[in-house]
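As a plain string of letters, each chain reads:
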Amino acid sequence: QSENVLGYFVNVERIPNSCSHPPNHISLNDRKILVNLSMAYYRVNISAYNEAGESPRATYIVPELSLTDLPGQIHVKSQGTNAVITWTPEYNPNCFVVDWGTGKEDMHMKIITTATGNFTLDNFQPYKLYKIMVHASDVCQCESFITHERTFGVTHFYSVEGVPRTGPTNVTILNITKHSALVKWTKIAAEDSLGFLQGYRISYIDSARKKSPAVTLNSSITSYHLTGLKEKTTYRVQISGFTNAGEGPLTLSQSFSTPKYGTVE
């Protein structure tokens, strides 16, 4: 029924929003609007109106932006359940806005109006990945952050790292030849790594229980070509992930057997 629409109301709400007043309506006749946002989380509410009143709202969550070249670096040091955040401002804005939490449903916001390069955040839990964002703004009225703040830096942080609670999933053995085989797997999910995943270790043993040296790979790799295998031999493969805290559990054994002859033999 767009022919009955007189215009649209748009409000852009920051997540989290510690302001005491809700964001103001932006009234539009067009069905598009350009807003410059920081890398904080935002919720956009859109409704239509006519002489009879206002429609229900459509809600849109702005997708999380990928990290780009940001002007500053943030450093985090754990102090029990607290963390000390330090940064070197490129200039001295009127205030900084700090966001921290495990995701858009669990974010906290703090406005810092003093000229400082450090701040203490609290209530960090172990083994959880936190996102910390520092934004700069020259206008410190709470309702003005949406249009005036710009992101200084973003980092991720564990107050306490643990070992992964699981190994990688979907371990499969492919392209088996007389002397080689390809091992593939799905990476350990972030919620299961309990720390910054550093890499994987592949262990394999033959039917005579002769163990080959473990292979250590970085966390971006999800496949590996085993070579130097013996023909007509059964092998068992297991994979684990590791963080700075140590190595997690091995996956269940995946067995495969190399053939006696190659394809041309």
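Residues numbered from 1 in each chain as written. Predicted model: local features only at pLDDT ≥ 70, side-chain atom pairs only at ≥ 80, totals over all residues. Heavy atoms only, no water.

## Description of the overall build of the chain
Phase 1 of the analysis: The number of helices and strands found in the chain is 2 helices and 20 strands.
Phase 2 of the analysis: Relative to its length of 265 residues, the chain is extended, with a C-alpha radius of gyration of 26 Å against a globular reference of 18 Å.
Phase 3 of the analysis: Along the first, second and third principal axes, the C-alpha set of the chain runs to 80 × 55 × 30 Å.
Phase 4 of the analysis: Scored against the burial criterion, the 265 residues of the chain give a buried share of 39%.
Phase 5 of the analysis: Of the contacts made within the chain by residues no fewer than 6 positions apart, 64% connect residues no fewer than 24 positions apart.
Phase 6 of the analysis: Accessible area of the chain: about 15400 Å², with a carbon and sulfur share of 49%. (Helix = DSSP H or I, 4+ residues; strand = E, 2+ residues; numbered from the N terminus. Rg over C-alpha atoms; globule rule 2.2 N^0.38 Å. Buried < 20%, exposed > 50% of the residue type's maximum accessible area, 1.4 Å probe, protein only. Contact = heavy atoms within 4.5 Å. Areas by Shrake-Rupley, 256 points an atom, 1.4 Å probe, with all protein chains shown as cover.)

## Digging into the UniProt feature "domain: Fibronectin type-III" (unreviewed entry) in the chain
Phase 1 of the analysis: Cross-referencing UniProt, the feature "domain: Fibronectin type-III" (unreviewed entry) maps to residues 167–261 in the present numbering.
Phase 2 of the analysis: Secondary structure content for residues 167–261 is 4% helix and 46% strand, and the end C-alpha separation is 33 Å. (UniProt positions renumbered as here; feature names shortened; annotations may be inferred.)

## Things to note about empty space enclosed by the protein
Phase 1 of the analysis: Scanning the model with the defined rule gives 2 cavities of 30 Å³ or more in all.
Phase 2 of the analysis: Here the second largest cavity defines a volume of roughly 40 Å³.
Phase 3 of the analysis: Its residues placed into classes, the lining of the second largest cavity shows 7 nonpolar, no polar and 1 charged. (1 Å grid on protein atoms, 1.4 Å probe; cavity = no way out; pocket = protein on both sides within 12 Å on 5 of 7 lines; lining within 4 Å. Points joined across faces, edges and corners; volume = space filled by probe spheres on them. Nonpolar A, V, L, I, M, F, W, Y, C, P; charged D, E, K, R; others polar.)

## Some words on the environment of D138
Phase 1 of the analysis: Looking at where D138 falls in the secondary structure, it is placed in the loop between β11 (130–137) and α1 (145–148).
Phase 2 of the analysis: Along the backbone, D138 and F96 are 42 residues apart, and their C-alpha atoms lie at a distance of 8.7 Å.
Phase 3 of the analysis: Within the structure, D138 has its side chain in polar contact with the side chain of R150 (distance 3.4 Å). (Polar contact = N/O pair within 3.5 Å; in protein donor to acceptor, adjacent residues only side chain to side chain.)

## Focus on the sheet that holds strand β10 (residues 118–121)
Phase 1 of the analysis: Read from one edge of the open sheet, 3 strands run β6-β7-β10, paired in antiparallel fashion. Two strands lie at the open edges of the sheet, namely β6 (74–79) and β10, each paired on one side alone. Pairwise comparison of adjacent strand axes, ignoring direction, gives a mean angle of 20° for this sheet.
Phase 2 of the analysis: Relative to β10, strand β7 (residues 82–87) runs antiparallel, the two being bridged by 4 bridges. Across the sheet, the residue bridging to A83 is L121, located in β10. (Pairing = 2+ DSSP bridges. Axes fitted to C-alpha atoms, helices over the stretch in contact; angles between N-to-C directions.)

## Observations regarding the pattern of salt bridges
Phase 1 of the analysis: What the rule picks out here adds up to 8 salt bridges.
Phase 2 of the analysis: A salt bridge links D99 to R14; its shortest N-O distance comes to 2.7 Å. Separated by 85 residues along the polypeptide, D99 in strand β8 (residues 95–103) and R14 in strand β1 (residues 7–15) bring together distant segments of the chain.
Phase 3 of the analysis: Where E247 meets R201, a salt bridge forms, and the shortest distance between an N and an O atom there is 3.3 Å. Of this pair, E247 sits in strand β19 (residues 246–247) while R201 is found in strand β15 (residues 199–206), placing the two residues 46 residues apart along the sequence. (Salt bridge = Lys/Arg side-chain N within 4 Å of Asp/Glu carboxyl O.)

## Some remarks on the sheet that holds strand β14 (residues 181–186)
Phase 1 of the analysis: The strand order β13-β14-β17 describes an open sheet built from 3 strands, whose pairing is antiparallel. Edge positions in the sheet fall to β13 (169–174) and β17 (223–226), since each of these pairs with one other strand and no more. Ignoring which end each strand starts from, the neighbouring axes of this sheet average 15° apart.
Phase 2 of the analysis: Of the strand pairs in this sheet, β13 and β14 are connected by 4 bridges, and their pairing is antiparallel. Paired with T169 across the bridge in β14 is T186.

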